[in-house]
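# Observations on the three-dimensional arrangement
Each chain is listed here by its residues.
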Amino acid sequence: MIRSKGDVRIIRRRLLERMRRRVLAARGNVVSFTLRRLRRDLGAEEDRNAGAEIKAVLEALAARGLLEVDRRGRAPRYAVRRGSPLWRALTGGVEQAEVLLSEAMLNRSRR
C-alpha cells in the first residue's frame, strides 16, 4: 500500500524496470502493456493505490506522446515502438527513463 512519496518512487522505478525488461527482450518493433498485466507483474493486484499510480504513469506518458494507447477493447492497451524516445530511454537505462517520466508527470500536474 502506498503510504509515502518514497513508496510512489519505488512503484514508478519498478514499473520502469519491468517496462525496460520487456523492451530489451522484444523481438519485434512494438511492446504492449495492459494495466492488469503490469499490476500482476509488479505484485500490486490487491493494492488499489499502486494500481492508480501505475495508471497515472501510463496516462502521463501517453499524454506526452511517449506511449500509444489503443482504447478499442475493454481495457486500454499501451504500446511503445522501437525508435521512439521512450524506447531509447528504456534501453539506455532506468535513469534515462526516469527523467522522461518526471518531465511527463510534471507537465501532467501543471494542467
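For the structure given in this document, a descriptive report is provided here. It should be emphasised that the depicted structure is a prediction, and the values quoted were computed from it without experimental measurement.

Time to look at the environment of arginine 36. By secondary structure assignment, the location of arginine 36 is in helix 2 (residues 35-41). Among the residues examined, arginine 36 registers a relative accessible area of 65% and is labelled exposed. Separated by 26 residues in sequence, arginine 36 and alanine 62 place their C-alpha atoms 17 Å apart.

Attention now goes to helix 3 (residues 48-63). The first and last C-alpha atoms of helix 3 sit 22 Å apart over 16 residues, in line with the 22 Å expected at 1.5 Å per residue. Those residues of helix 3 lying buried are Ala50, Gly51, Glu53, Ile54, Ala56, Val57, Leu58, Ala60, Leu61 and Ala62. Downstream of helix 3 by a residue or two, glycine 65 has a phi angle that is positive, lying close to 85°.

Here arginine 20 is to be found in helix 1 (residues 5-24). Residues arginine 20 and leucine 86 lie 66 residues apart in sequence; the distance between their C-alpha atoms is 9.7 Å. Look past the residues within four positions of arginine 20 in its chain and what remains in contact with it is Leu90, Thr91, Gly92, Gly93 and Val94. At a separation of 2.7 Å, a polar atom in the side chain of arginine 20 contacts the main-chain carbonyl oxygen of leucine 90.

Below, the discussion takes up the sheet that holds strand 2 (residues 68-70). Strand order in this open sheet of three strands is 1-3-2, and the pairing throughout is antiparallel. Two strands bound the open sheet, and with one partner strand each, they are strand 1 (30-34) and strand 2. Strand-to-strand twist of the sheet, defined as the mean angle between neighbouring strand axes without regard to direction, takes the value 30°. Note: strand 2 against strand 3 (residues 77-81), three bridges, orientation antiparallel. In the strand pairing of strand 3, aspartate 70 is matched with arginine 77.

Calculation notes
- Residues numbered from 1 in each chain as written.
- Predicted model: local features only at pLDDT ≥ 70, side-chain atom pairs only at ≥ 80, totals over all residues.
- Heavy atoms only, no water.
- Helix = DSSP H or I, 4+ residues; strand = E, 2+ residues; numbered from the N terminus.
- Buried < 20%, exposed > 50% of the residue type's maximum accessible area, 1.4 Å probe, protein only.
- Expected span 1.5 Å × (residues − 1).
- Contact = heavy atoms within 4.5 Å.
- Polar contact = N/O pair within 3.5 Å; in protein donor to acceptor, adjacent residues only side chain to side chain.
- Pairing = 2+ DSSP bridges.
- Axes fitted to C-alpha atoms, helices over the stretch in contact; angles between N-to-C directions.

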